[in-house]
Amino acid sequence: MSTDHYPALHQVEAIQNAFEAAGYICTTRIATVVRLAAALEKPVLIEGPPGVGKTELAKTCATVVNRPLVRLQCYEGLDESKALYEWKYGKQLLYTQLLKEQLGDVLDGAKGLDESMARLHEFGDVFYSEAFLESRPLLKAMDADEQVVLLIDEIDKADIEFPNDLLQELDKMEFHVYETGCSLQTISVPHQ
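Nothing here was measured: the structure is a model prediction, and the numbers come from that model. (Residues numbered from 1 in each chain as written. Predicted model: local features only at pLDDT ≥ 70, side-chain atom pairs only at ≥ 80, totals over all residues. Heavy atoms only, no water.)

**Quick word on the side chain of Thr60**
No. 1: Secondary-structure assignment places Thr60 in helix α3 (residues 54-64).
No. 2: Judged by its relative accessible area of 3%, Thr60 falls in the buried class.
No. 3: Sequence-distant contacts of Thr60, that is, excluding residues within four places in its chain, are made with Phe19, Ala22 and Tyr24. (Helix = DSSP H or I, 4+ residues; strand = E, 2+ residues; numbered from the N terminus. Buried < 20%, exposed > 50% of the residue type's maximum accessible area, 1.4 Å probe, protein only. Contact = heavy atoms within 4.5 Å.)

Pasting the structure below:
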């Protein structure tokens, strides 16, 4: 979110005015942090007790720069894969039923286990393919057609390893879908 593409983020005073126009009372300190984060294209970690406006700051940033807000709500047990994606198990189950019904046709005339297995392998493993992948907030943010404001909310509620892993992954902007062995990388979207 470079300041070159967002005139409202060029000066601290302009940020304060834009935020106040959006209904957020913005101090000089907050405006300075937003200005620096935009200029350096770096994330901001905001800590504080509930109700002080951390989430509202992210929402207002998204409004001011006219970008969608994607929210990752953290919870105990959240790991990288759950933040990125989940599998559509219902669809996978239906596919299994369809495959079961078609199995006789696929294996018709096969002689022995080896030939049967070879025929099954010709179809590939579609259970863990994009057709059955449900995007979660991180993947939605990475796959968005335009840049988004990503809010990672209540990260302290996630398991202790998650924030460290997430920061490393966000720094590289590369994530892995372990079931498929694929890695996902962000694609730079040209600013408009």
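**Points about helix α2 (residues 28-40)**
No. 1: Here α2 contains 13 residues, and its C-alpha end-to-end distance of 18 Å stays within 8% of the 18 Å for a straight helix at 1.5 Å per residue.
No. 2: Burial in α2 covers these residues: Ala31, Val34, Ala37 and Ala38. For α2, the arc enclosing every buried residue in end-on projection is 130°, short of the 170-degree limit, so these residues lie on one face. In this structure, α2 carries Arg29 and Leu40 as exposed residues pointing more than 90 degrees from its buried face.
No. 3: Buried residues in α2 make contact with α1 (12-21) and α3.
No. 4: Following α2 by one or two positions, Glu41 adopts a phi angle in the positive range, close to 55°. (Expected span 1.5 Å × (residues − 1). Arc of directions from axis to C-beta.)

**Quick notes on the pattern of salt bridges**
Pairs can form between side chains of opposite charge whenever their charged atoms are close.
No. 1: Taken as a whole, this structure holds four salt bridges when the rule is applied.
No. 2: A salt bridge links Asp153 to Arg71, with the nearest nitrogen and oxygen atoms 2.3 Å apart. You can see Asp153 sitting in strand β4 (residues 149-153) and its partner Arg71 sitting in strand β1 (residues 69-73), a full 82 residues away along the chain.
No. 3: According to the relative accessible area criterion, Asp153 is buried, its value standing at 8%.
No. 4: Arg71 gets classed as partly exposed once you look at its relative accessible area, which sits at 38%. (Salt bridge = Lys/Arg side-chain N within 4 Å of Asp/Glu carboxyl O.)

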